[in-house]
Amino acid sequence: MIPEEVVQQQLYFYNNHDLDGFISTYHEEIKIYNLIDNSIILEGKDALKEKYRERLQILKVHADIQNRIIIGNKVIDHEYVTAINTDTIVKAVAIYEVEEDLIKKVWFVFE
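About the thresholds
Residues numbered from 1 in each chain as written. Predicted model: local features only at pLDDT ≥ 70, side-chain atom pairs only at ≥ 80, totals over all residues. Heavy atoms only, no water. Helix = DSSP H or I, 4+ residues; strand = E, 2+ residues; numbered from the N terminus. Buried < 20%, exposed > 50% of the residue type's maximum accessible area, 1.4 Å probe, protein only. Contact = heavy atoms within 4.5 Å. Areas by Shrake-Rupley, 256 points an atom, 1.4 Å probe, with all protein chains shown as cover. Lys, Arg positive; Asp, Glu negative; His and termini not counted. Charge placed at Lys NZ, Arg CZ, Asp CG, Glu CD. Pairing = 2+ DSSP bridges. Axes fitted to C-alpha atoms, helices over the stretch in contact; angles between N-to-C directions. Core = buried A, V, L, I, M, F, W, Y, C linked by side-chain atoms within 4.5 Å. Expected span 1.5 Å × (residues − 1). Bend = angle between axes of the 7 residues up to and from the residue.

Chemist: Looking at this structure, how should I read the overall build of the chain?
Modeler: When you go through the chain residue by residue, the secondary structure sums to 3 helices and 6 strands. Listed N to C, the secondary structure of the chain is α-α-β-β-α-β-β-β-β in terms of helices and strands. Taken along the three principal axes of its C-alpha coordinates, the chain extends 35 × 30 × 25 Å. Scored against the burial criterion, the 111 residues of the chain give a buried share of 37%. For the chain, long-range pairs separated by at least 24 residues make up 43% of all intrachain contacts whose partners lie at least 6 apart in sequence. As displayed, the chain has an accessible area near 6,400 Å², and 49% of this comes from carbon and sulfur atoms. Positive and negative charge centroids in the chain, built from 12 and 20 side chains respectively, lie 3 Å apart.

Chemist: Mind showing me how you'd approach the sheet that holds strand β1 (residues 26–34) here?
Modeler: In a beta sheet, neighbouring strands pair by backbone hydrogen bonds and run either parallel or antiparallel. Strand order in the open sheet formed by 6 strands is β2-β1-β6-β5-β4-β3, with mixed pairing between adjacent strands. Every interior strand has two partners, whereas the edge strands, β2 (40–43) and β3 (62–71), have only one. Each adjacent strand pair in this sheet contributes to an overall mean axis angle of 20°, direction not counted. Bridge count between β1 and β2: 3 bridges; the pairing is antiparallel. Paired with I32 across the two strands is L42, which belongs to β2. The strands that helix α1 (residues 3–15) touches are β1, β3, β4 (74–82), β5 (90–99) and β6 (102–110); relative to β3, the one it contacts most, it runs at about 175°. Along the sheet, helix α3 (residues 45–57) makes contact with β1, β2 and β6, crossing β1 at roughly 60°.

Chemist: Help me understand the nonpolar core in this model?
Modeler: One recurring pattern in soluble globular proteins is that nonpolar side chains are buried together. Ranked by internal contacts, the top residues of the largest apolar core, which has 25 residues, are F22, L48, I103 and V106. Ranked by residue count, the leading element in this core is α1, at 5 residues.

Chemist: Got a minute to help me understand α3 in this structure?
Modeler: Since the α-helix advances by 3.6 residues per turn, residues separated by three or four positions end up pointing in the same direction. Taking 1.5 Å as the rise per residue, α3 with 13 residues should run 18 Å; its terminal C-alpha atoms sit 17 Å apart, in good agreement. For α3, the principal kink sits at K51 and spans about 30°. Buried within α3 are the following residues: K45, L48, Y52 and L56. In this structure, the buried side of α3 is in contact with α1, α2 (19–24), β1, β2 and β6.

Chemist: Is there a simple way to think about the environment of H78 in this case?
Modeler: Summarising the element assignment, H78 is placed in strand β4. Among the residues examined, H78 registers a relative accessible area of 29% and is labelled partly exposed. Between the alpha carbons of H78 and A94 there is a distance of 6.6 Å; along the sequence they are 16 residues apart. Setting aside its immediate chain neighbours within four residues, H78 contacts D64, I65, Q66, N67, A92 and V93.

Here's what the structure looks like:
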């Protein structure tokens, strides 16, 4: 599977609030970073599942991709994220690094 397909699959699961499907697109040793200072936001699939459980099952978040760039095994998405019953849009850039058909690293920067 090419990197863009993996990232698109996780976006599909994210927008359909399928926590198990979403988690299945990530590597066991996933690391998510803050792009600004390269600090680790979370590490490991269990932490990922806990972090996203509320977002997917309660807040029912939805991400709209404004722009996507693919460079090798990196997929860079400019995202607008909203939650159910809110008019607030969170603007973010996510850089996904795909290895062995799974997302292994992600860097986020938020507006």
